[in-house]
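# Structure at a glance
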Amino acid sequence: MAASSTPHLSASSPVSLALALPSSKPLNAIREDQKLPQVIAPSPLPMPVIQQLLSILDRLSANGRVERCSKIYAEVRGSNAQATLGNLGLDYLSISAQEFVDVRRIDVEIVEWMKHLEFAVKHVLEAEFKLCYEIFGRFGPPDFWKNCFADIATQAGLLSFLQFGMTVTESRTDPDKLLKLLEIFGFLNRLRSDFNRLFGMKPCAKIQSITRDLIKRVIDGACEIFFDLHNQAKSQGQRPPPSDGGVPKVVTFLVDYCNRLLGDDHKPLLTQVLDIHQSWRGENLQEGLVTKATVEIIVALERNIEAWSKAYDDATLSYIFRINTHSYFYRQLKGTRLGDLLDDQWLKDHDALTDYYSTLYLRNCWGRLPPLLSRKGLILVSKGRAATIDLVKKRFTAFNEAFDEIHRKHSVWVIPDKDLREKLSQLAVQTVVPVYRSFLQSYGSLVKQDSNSDKHIKHTAESLENSIGSLFQHKPARSPSLQAAQSNGKVNDAARINQYQSPPAAV
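Description of the structure in this document. (Residues numbered from 1 in each chain as written. Predicted model: local features only at pLDDT ≥ 70, side-chain atom pairs only at ≥ 80, totals over all residues. Heavy atoms only, no water.)

## A few points about the overall build of the chain
Broken down by element type, the chain carries 22 helices and zero strands. Taking all 507 residues of the chain together, the buried fraction comes to 51%. Within the chain, counting contacts between residues at least 6 apart in sequence, those at least 24 apart form 83% of the total. When the accessible area of the chain is evaluated, it comes to approximately 24,000 Å², of which 50% is carbon and sulfur surface. (Helix = DSSP H or I, 4+ residues; strand = E, 2+ residues; numbered from the N terminus. Buried < 20%, exposed > 50% of the residue type's maximum accessible area, 1.4 Å probe, protein only. Contact = heavy atoms within 4.5 Å. Areas by Shrake-Rupley, 256 points an atom, 1.4 Å probe, with all protein chains shown as cover.)

## Overview of the nonpolar core
One finds W113, F149, F199, Y361 and W366 to be the most contacted residues of the largest nonpolar core, which totals 141 residues. With residues near it in sequence (within four places) discarded, Y361 still touches T316, Y319, I320, I323, W366, H410, L424 and F472. (Core = buried A, V, L, I, M, F, W, Y, C linked by side-chain atoms within 4.5 Å.)

## Looking at the environment of V429
The residue V429 is located in helix α19 (residues 418-448) in this model. Sequence spacing of V429 and N466 is 37 residues, and the spatial spacing of their C-alpha atoms is 9.1 Å. In contact with V429, other than residues within four places in its own chain, are P434, E465 and I468.

## Some words on the pattern of salt bridges
Tallying each qualifying case throughout the model produces 24 salt bridges. Close ionic contact of D107 with K180 constitutes a salt bridge, the shortest N to O distance being 2.5 Å. Of this pair, D107 sits in helix α5 (residues 107-136) while K180 sits in helix α8 (residues 175-190), and the two are 73 residues apart along the sequence. D107 sits in the partly exposed class, given a relative accessible area of 32%. In this structure, the salt-bridge partner of K180 is E183, at a minimum N-O distance of 3.4 Å. Residue K180 and its partner E183 are located together in helix α8, separated by three residues, close to a single helical turn. Across the pair, E183 and K180 agree in class, each one buried. Through salt bridges that share partners, K122, E126, K130, D194 and R197 make up one connected network. (Salt bridge = Lys/Arg side-chain N within 4 Å of Asp/Glu carboxyl O.)

Here is the structure:
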């Protein structure tokens, strides 16, 4: 009779109430205030219920029936805990490694997982741990109450939480996964003392084993990705550059990525992960390894510029590419932690190279137009007037053809940075428009006398300036990730070109 009353009493705690837990609060919002979302956590059993249970257990103990009572208690309390956690919406825990390709596909689920696991440990299982000790702590051998708690934790679904973490570690290896693994490591590290206190006992051996395996996979996976980043950067030189002459997506990605690695959110965690990984191998962490390795990634990326620039069939496009990429290194790294590590001279060199290739570009591209409007041989006297008009028409025509060809090519090229784009456009205008305006003022009237003058004079000075100013704003398709298939050779395969476009121009 007494034994049958136990499950009823143990179920009287209000643990299955609805939870006011936000479903998508950002992880950093939790970190800022160091508070869990507002929840209704399981309350300890009321003291009269505990006293009644203890009285029943005293009688059962005399009859050797406490063990059966503990199993019933664990089943009821475990079921209640499972119901409480079930209110959070945990369907994502059943996701398999085959159901997603990379961590970006389940980023929201990972953030939810961290919040929910923290709630499960700090609120639900913490309360059950205290209750188990309070009720069964004085009965049986030392591990008696611990076995009961281990059963509750297992039935509540803790192993499913840990298995989800394991699934994340099995996702595709890419740089984004490193950042997510560091977040998971930091999260698990913050729960370490809770895990050790609640599950550090022998009956929780399975939980301990899976937790250790999860932490090892997180650390090994993070280190593998980090140490492979240098090779990833080096290998990019074997792939074609953007067909529009823009900054390669891998450059924009890795520059931003490395700066993030050196930030306060990631560098301490990465250093700790590397330190643990090295200690497992009986080695000490090399001082400054994170900063040194990060700088080497950017330097390896920088060395690809030469190979990329040689992949273009068009020399002018090669200049555009160099201008964009050298300028990007200078602008994006100046004043950043990564830029400070690379030193000021490294940045100045890229700024100087931007100016150098800008000069070559202007001279070899727009500089070809003014000579086409040469005044040589143009004699405005009646004897030679017909010949002069013919020469003027030919020079306007030659200029138009050359300008149209330049404009046609430039219409699908891009300079993403607005300031750089405006600067180059202005320099091109200064190179071409004054010469054109002067030639038009001097000889345009001769051609306009002809009924077909529009065929030869296609531009005013203002329209020419507007045409030049409209260039470099092509908005191409998105670039591939680091995992794109490798390919060698010149950038002249249309199918391949479309895969390697730079980011849209800034407007």
